[in-house]
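Close look at the chain arrangement
So the chains spell out like this:
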Amino acid sequence: MTNISGASSGSSTTRRGRVVGVPMVCWCGAEIVGKISKSDPNPYRRYFRCAFAVSNKLMDDNHVFKWVDEALLNEVDRLSSEAKRLEQMVRESEIVFDGAEYEKMVFDKVLMKVEEEVFQKVESVVSESQRYMKKPMIVGIVVRMIVVGLGNFI
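Residues numbered from 1 in each chain as written. Predicted model: local features only at pLDDT ≥ 70, side-chain atom pairs only at ≥ 80, totals over all residues. Heavy atoms only, no water.

Under an unreviewed UniProt entry, the protein chain has the name GRF-type domain-containing protein and belongs to Cardamine amara subsp. amara.

1. Focus: the pattern of salt bridges
Applied cut-off: By definition, a salt bridge exists where a carboxyl oxygen of Asp or Glu is found within 4 Å of a side-chain nitrogen of Lys or Arg. Helix numbering and strand numbering both begin at the N terminus, where a helix is a DSSP run of H or I of at least 4 residues and a strand a DSSP run of E of at least 2. Three exposure classes are used, based on accessible area relative to the maximum for each residue type with a 1.4 Å probe and protein chains only: buried under 20%, partly exposed in between, and exposed over 50%.
Taken as a whole and assessed by the stated rule, the structure comprises seven salt bridges. Of the charged contacts in the structure, one is a salt bridge between Arg78 and Glu75, with a shortest N-O distance of 2.7 Å. Taken together, the residues span about one helical turn, with Arg78 and Glu75 both in helix α2 (residues 68-153) at a distance of three residues. One salt bridge in this structure joins Asp108 and Lys104, with 3.2 Å as the shortest N-O distance. Of this pair, Asp108 and Lys104 both sit in helix α2, four residues apart, roughly one helical turn. The class of Lys104 is partly exposed, set by a relative accessible area of 48%. Each of Arg45, Asp69 and Glu70 takes part in one network of salt bridges that share partners.

2. Here's the deal with unusual backbone geometry
Located in the positive-phi region is Tyr44, a residue other than glycine, with phi close to 65°. For Tyr44, the position within the fold is in the loop between β3 (32-36) and β4 (46-50). Accessibility expressed as a relative area gives 71% for Tyr44, which makes it exposed. Phi is positive for Lys57, close to 50°, though the residue is something other than glycine. Since its relative accessible area comes to 71%, Lys57 is described here as exposed.

Listed below in structure tokens is the structure:
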């Protein structure tokens, strides 16, 4: 494969490997520029090229060369895969969220049941203590009445 604008092969390869999607920088560190082919096999076809290779008019080199249409198709494929991955993450988080909602509902029911039991126990203790307090209160009232009555006689 050749990396010149007249090449009809579209895969961008460099010394560092195949470039997937829209290239941003070349392996050499130079930025990527957009160019238009003037060759007979690919007239007016747009491509990305290493700025260093363009400025030095290098041909058949290992610097980045990629057709724009292929780069954009790679980018769409990559974004589609990323969207599917994110959809799966959302589905999994919904399942976790549904599980959390179920746990919260169970927790609320258990909490309500515990609160009812505590309330019933408190009521029974209060009513029992009131029952036990009635006798001493009656005795106290009777004793006071006797003391008041004896105080009037004396």
